[in-house]
Amino acid sequence: MRMHTADGLLRDYRQPDVFFAGKERTLLANGADETFTEADGLAGSVAERLAESEVPVALGAIPFTGGEAAVLIPKTLRAAGPLRADTVQVPMSVALRTGAVPGPDGHRAAVAEAVRRIRETPELRKVVLARTLETEFAGAVPTEVILRNLVGDNPFAYHFATELPGATFVGASPELLVSRNGTLVRSHPLAGSARRSADPVRDKEAAAGLLSSKKDRGEHAIVVEQVVETLRPFCRKLDVPAEPSVVGTPVMWHIGTEISGRLRDPGVTALELAQALHPTPAVCGTPTAAAREVIGELECFDRGYYAGAVGWVDEHGDGEWAVAIRCAEIAGPKMRLFAGGGIVADSEPDAELDETEAKFGTLLRAMGGRS
Ligand SMILES: C=C(O[C@@H]1C=C(C(=O)O)C=C[C@H]1O)C(=O)O
């Protein structure tokens, strides 16, 4: 059997392949033997088909809410270990047009309204609000260049390029929704963010300030609480660190908690766990249904697969699903970037606006810009 290297798979990726690089495996898939669009019972239907499939892995994306899943069993699949190589940045042409939807004032107003609702609704504790950045290039966006640049910028993220109806979805997520390897289950929720600084002293201060911020710690605790509550019934043992830690990307600091557990029933697949956890309050809010409703009212665009989940599951039920953030949809010459942040009772509109601008930086850097 020919062995593949993760770096080789990255170099071979071309749209419309499906690429996913996580901590366990790097996968490059081509063609679709079977596609799964029905979100209800998705984990069950996928597991059933995988049991008899020649290619024993399904991969793709599930949307933020409602809508169709975009998961497939490919015709061919190549697999390698995790990506380690640091790829050289490839230059890209500059975007002709960019425009944020909503613009700065629109986002500030939405944040202020979410804060007002959180303060006056006792059970509503957190709502995640996002915005988009629409960009247009002179020609078709080279998805493989964006993907390679994302990897080069941060080899430690979960990288993906997967096909959606009418678009390619590409990103470098720092956040693990869930992974399953045998009976070992892991989740690494992030919530609470600060922009990084080019000045090392200020950068360190930003990380320390984030970890000691009461508002950000509160925002983070809400996510951990729900992830633990959801995983508890699936696990006979669950390790939750008493204190969170700081996790860095090239542009952001986040508060993170690495949770691990042992599955009670090894028949529960990674995709089933992902669907049980999704959407966590890191991308939706709490309580989930009320937060989702506020998002529907205050966001002026459809999230699609942004803030959904992207990953893979195999015939044993092992798999990795990342939270679909720090990402963009590419369609021909157009590229739409997404970024959001958690809003709690003491959030400030200007700071929240800045957080989304900073988070756009992950994709902007891959597009050859500066963040
Ligand atoms: C919603 C996003 O990020 C999420 C929200 C965070 C926050 O509110 O602090 C931090 C990490 C992510 O869980 C995004 O990047 O678009």
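Labelled according to an unreviewed UniProt entry, the protein chain appears under the name isochorismate synthase, originating from Amycolatopsis acidicola. According to the UniProt record, the Catalytic activity (unreviewed entry) comment for the protein chain reads "chorismate = isochorismate". UniProt, in the comment section headed Sequence similarities (unreviewed entry), describes the protein chain in these words: "Belongs to the isochorismate synthase family."

Engineer: Just to check I follow, could you spell out the overall build of the protein chain for this structure?
Structural biologist: Of regular secondary structure, the protein chain possesses nine helices and 22 strands. What you see for the protein chain is a C-alpha radius of gyration of 19 Å, in line with the 21 Å of a compact globule of 371 residues. Its C-alpha atoms give the protein chain principal-axis dimensions of about 55 × 50 × 40 Å. Here the protein chain, with 371 residues, has 55% of them falling under the buried criterion. When the accessible area of the protein chain is evaluated, it comes to approximately 15500 Å², of which 51% is carbon and sulfur surface. Distance from the positive charge centre (40 side chains) to the negative charge centre (51 side chains) of the protein chain: 5 Å.

Engineer: Quick question: what am I supposed to make of the environment of Glu219 here?
Structural biologist: Assignment of secondary structure puts Glu219 in helix H6 (residues 214-231). Glu219 gets classed as buried once you look at its relative accessible area, which sits at 2%. Taking the C-alpha atoms as reference points, Glu219 and Ser193, separated by 26 residues in sequence, lie 9.7 Å from one another. Not counting residues within four places of it along the chain, the set of residues in contact with Glu219 comprises Lys126, Ala191, Gly192, Gly342 and Val344. At a separation of 2.9 Å, a polar atom in the side chain of Glu219 contacts the side chain of Lys215.

Engineer: In this structure, what is going on with the environment of Leu50? I would like to understand it.
Structural biologist: Relative to the helices and strands, Leu50 is located in helix H2 (residues 42-50). Under the relative-accessibility criterion, Leu50 is labelled buried at 2%. As for Leu50 and Phe20, which are separated by 30 residues in sequence, their C-alpha atoms are 18 Å apart. Aside from chain neighbours lying at most four places away, what touches Leu50 is Val55, Pro56, Val57, Ala58, Ile73, Val313, Asp314 and Glu315.

Engineer: Teacher, can you tell me more about the nonpolar core here?
Structural biologist: If you look at soluble globular proteins, the nonpolar side chains tend to sit buried side by side. Val46, Val71 and Trp321 are the most contacted members of the largest nonpolar core, which totals 77 residues. If we ignore the near neighbours within four places in the chain, the residues touching Val46 are Phe36, Ala58, Val71, Leu271 and Val313.

Engineer: Sorry, what's going on with the site of the ligand here?
Structural biologist: Around the ligand, the surrounding shell holds 17 residues, and the nearest of these are Glu175, Ser193, Tyr306, Arg326 and Gly342. Protein chains shield 100% of the accessible area of the ligand, which is 390 Å² for the free molecule. Those elements that place two or more of their residues in the shell around the ligand are strand S13 (190-195), strand S22 (334-343) and helix H9 (349-366). Here the shell around the ligand is composed, by residue class, of six nonpolar, six polar and five charged.

Engineer: Hey, could you run me through the sheet that holds strand S16 (residues 252-256) in this one?
Structural biologist: In sheet architecture, strand pairing relies on hydrogen bonds along the backbone and comes in two forms, parallel and antiparallel. Pairing is antiparallel in the open sheet, where three strands are placed in the order S13-S16-S15. What marks the edges here is a single partner per strand, and that holds for S13 and strand S15 (245-248). Strand-to-strand, the axes of this sheet are offset by a mean angle of 30°, without reference to chain direction. The pairing of S15 with S16 spans four bridges and is classified as antiparallel. The residue of S16 that forms the bridge with Val247 is His254. On the sheet, helix H5 (residues 200-211) packs against S13, S15 and S16 and is oriented at approximately 30° with respect to S16. Strands in contact with H9 are S13 and S16; relative to S13, the strand with the most contacts, it is inclined by about 90°.

Engineer: Would you mind showing me how to read the side chain of Ser187 here?
Structural biologist: Its place among the elements puts Ser187 in strand S12 (residues 184-188). Not counting chain neighbours up to four residues away, the residues in contact with Ser187 comprise Leu176, Leu177, Val178, Val227, Leu231, Thr257, Glu258 and Ile259.

Engineer: Please explain the packing of aromatic side chains as it appears in this structure.
Structural biologist: Aromatic ring pairs: the centre-centre distance and the angle between the two ring planes describe each pair. Scanning all chains against the criterion turns up six aromatic pairs. Consider the rings of Phe20 and Tyr158, whose centres lie 6.5 Å apart with planes at 35°: the pair is tilted. Here Phe20 is found in strand S1 (residues 18-21), whereas its partner Tyr158 is found in strand S9 (residues 158-164), with 138 residues between them in sequence. Judged by relative accessible area, Phe20 falls into the buried class, the value being 1%. When its relative accessible area of 4% is taken as the criterion, Tyr158 is described as buried. Summarising the aromatic geometry, the rings of Tyr306 and Phe338 are spaced 5.0 Å apart at their centres and angled 5° between planes, so their arrangement reads as stacked. With a gap of 32 residues between them, Tyr306 in the loop between helix H8 (288-298) and strand S19 (309-314) and Phe338 in strand S22 connect regions that are remote in the sequence. Each member of the pair Tyr306 and Phe338 is classed as buried. Through a chain of ring-to-ring contacts, three or more aromatic side chains come together here, namely Phe160, Phe169 and Tyr305.

Conventions we followed
Residues numbered from 1 in each chain as written. Predicted model: local features only at pLDDT ≥ 70, side-chain atom pairs only at ≥ 80, totals over all residues. Heavy atoms only, no water. UniProt positions renumbered as here; feature names shortened; annotations may be inferred. Helix = DSSP H or I, 4+ residues; strand = E, 2+ residues; numbered from the N terminus. Rg over C-alpha atoms; globule rule 2.2 N^0.38 Å. Buried < 20%, exposed > 50% of the residue type's maximum accessible area, 1.4 Å probe, protein only. Areas by Shrake-Rupley, 256 points an atom, 1.4 Å probe, with all protein chains shown as cover. Lys, Arg positive; Asp, Glu negative; His and termini not counted. Charge placed at Lys NZ, Arg CZ, Asp CG, Glu CD. Contact = heavy atoms within 4.5 Å. Polar contact = N/O pair within 3.5 Å; in protein donor to acceptor, adjacent residues only side chain to side chain. Core = buried A, V, L, I, M, F, W, Y, C linked by side-chain atoms within 4.5 Å. Near = heavy atom within 4 Å. Nonpolar A, V, L, I, M, F, W, Y, C, P; charged D, E, K, R; others polar. Pairing = 2+ DSSP bridges. Axes fitted to C-alpha atoms, helices over the stretch in contact; angles between N-to-C directions. Phe/Tyr/Trp six-rings, centres within 6.5 Å; stacked < 30°, edge-to-face > 60°.

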